[in-house]
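Letter by letter, the chains look like this.
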Amino acid sequence: MEEDKNSQDGFPVFKGLQKPLEFMGIRGRFLTLAAVAIGVSFVGFIVFSIALGKLAGFIAMLVMAAAGLATIFVKQRGGLHNKKRAKGIYIYKNIRKTN
């Protein structure tokens, strides 16, 4: 009997996604931010179209969507797991209590 390459001891093993999740150039956790940016631009369209007219609402929607997506692409260049890194040397004293 030939052994299955995707199993360990005869049980199927899920090895996760082989490629990172990406949709239209937007990766991973930034997909949620993109959906929020598009949703906010839609709400902005409704508010501006009621207050100032449909043309102003359309322009506001385009500006909000472009600003949100541009921000996402700039943040995405930092990496999926971008973290702030403090510069300097930190010394932690009295981490453990001594009796």
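Refer to the preceding data block for the structure.
Once a new chain begins, its residue numbering starts again from 1 and follows that chain's sequence as written. Two thresholds apply to this predicted model, a pLDDT of at least 70 for residue-level local features and 80 or more for giving and counting side-chain atom pairs, whereas whole-chain, interface and lining totals are computed over all residues. Only heavy atoms go into the side-chain values, all of them from the structure, while hydrogens and water stay out.

Draft legend 1. Quick peek at the overall build of the protein chain. Looking only at helices and strands, the protein chain features two helices and four strands. Only runs of H or I of at least four residues qualify as helices and only runs of E of at least two qualify as strands under DSSP, and these elements are numbered from the N terminus. Each helix and strand of the protein chain, ordered N terminal to C terminal, gives the series β-β-β-β-α-α. Contacts: residue pairs with any heavy atoms within 4.5 Å of one another. In the protein chain, of all internal contacts separated by at least 6 residues, the share reaching a separation of at least 24 is 54%. When the accessible surface of the protein chain is split by element, carbon and sulfur atoms take 63% of a total near 9,300 Å². Here, Shrake-Rupley sampling with a 1.4 Å probe gives the accessible areas, and only protein chains in the shown set may cover a residue.

Draft legend 2. Structural view of the environment of glutamine 76. Tracing the backbone shows glutamine 76 in helix 2 (residues 54-76). Note: C-alpha distance between glutamine 76 and arginine 27 (49 residues apart in sequence) is 7.6 Å.

Draft legend 3. Local environment of helix 2. Its 23 residues place the ends of helix 2 33 Å apart at the C-alpha level, agreeing with the 33 Å of an ideal helix rising 1.5 Å per residue. Whether a residue is buried, partly exposed or exposed follows from its accessible area with a 1.4 Å probe, protein chains only, as a fraction of its type maximum: under 20%, in between, or over 50%, in that order. Along helix 2, the residues classified as buried are Gly57, Ala60, Ala65, Gly68, Ile72 and Gln76. Tucked inside the fold, the buried residues of helix 2 contact strand 4 (26-27) and helix 1 (30-51). Helix span, expected: 1.5 Å multiplied by one less than the number of residues in the helix.

Draft legend 4. Examining a nonpolar patch on the surface more closely. Residues Phe42, Val43, Ile46, Val47, Phe48, Ile50 and Leu52 make up a contiguous nonpolar surface patch of roughly 700 Å² in combined accessible area. By secondary structure assignment, the location of valine 47 is in helix 1. The patch calculation keeps residues exceeding 30% relative accessible area without a salt bridge and links them within 9 Å when they carry like charges or within 5 Å when they are nonpolar (Val, Leu, Ile, Met, Phe, Trp, Tyr). Only one rule defines a salt bridge in this text: a Lys or Arg side-chain nitrogen within 4 Å of an Asp or Glu carboxyl oxygen.

Draft legend 5. The packing of helix 1 against helix 2, seen in detail. Note on geometry: axes are C-alpha line fits, over the in-contact stretch for helices, and angles between N-to-C directions span 0 to 180 degrees. Where helix 1 meets helix 2, the axes come as close as 7 Å, and the angle between the chain directions of the two elements is 165°. One finds that helix 1 runs roughly antiparallel with respect to helix 2. Every pair of crossing elements has a handedness; the one defined by helix 1 and helix 2 is right-handed. Nonpolar residues are Ala, Val, Leu, Ile, Met, Phe, Trp, Tyr, Cys and Pro. Charged residues are Asp, Glu, Lys and Arg, and all others, Gly as well, are polar. Of the residues in the contact of helix 1 with helix 2, the class split is 16 nonpolar, six polar and two charged. Each angle receives one of four descriptions, namely roughly parallel if under 35 degrees, roughly antiparallel if over 145, roughly perpendicular if within 65 to 115, and oblique otherwise. Helix crossings fall into two classes, left-handed where the near helix is turned counterclockwise from the far one by less than a right angle and right-handed where it is turned clockwise.

Draft legend 6. Representation of helix 1 in the model. An ideal rise of 1.5 Å per residue puts 32 Å on 22 residues; helix 1 measures up with 31 Å between its terminal C-alpha atoms. Taken together, the buried positions of helix 1 are Phe30, Ala34, Ala37, Ser41, Gly44 and Ser49. Buried residues of helix 1 fall within an arc of 120° about the axis and therefore sit on the same side. Residues of helix 1 that are exposed and point more than 90 degrees away from the buried face comprise Thr32, Ala35 and Ile50. Buried residues along helix 1 sit in contact with strand 4 and helix 2. Within two residues after helix 1, glycine 53 carries a phi angle of roughly 125°, on the positive side. The arc refers to the directions leading from the helix axis to the C-beta atoms.

Draft legend 7. Structural detail: the side chain of glutamine 76. The buried category is assigned to glutamine 76, whose relative accessible area is 6%. Each residue touching glutamine 76, except ones within four places of it in the same chain, is listed here: Gly25, Ile26, Arg27 and Phe30.

Draft legend 8. Region of interest: the side chain of serine 49. Here serine 49 shows up in helix 1. Apart from residues lying up to four places away in sequence, serine 49 is in contact with Lys54 and Gly57.

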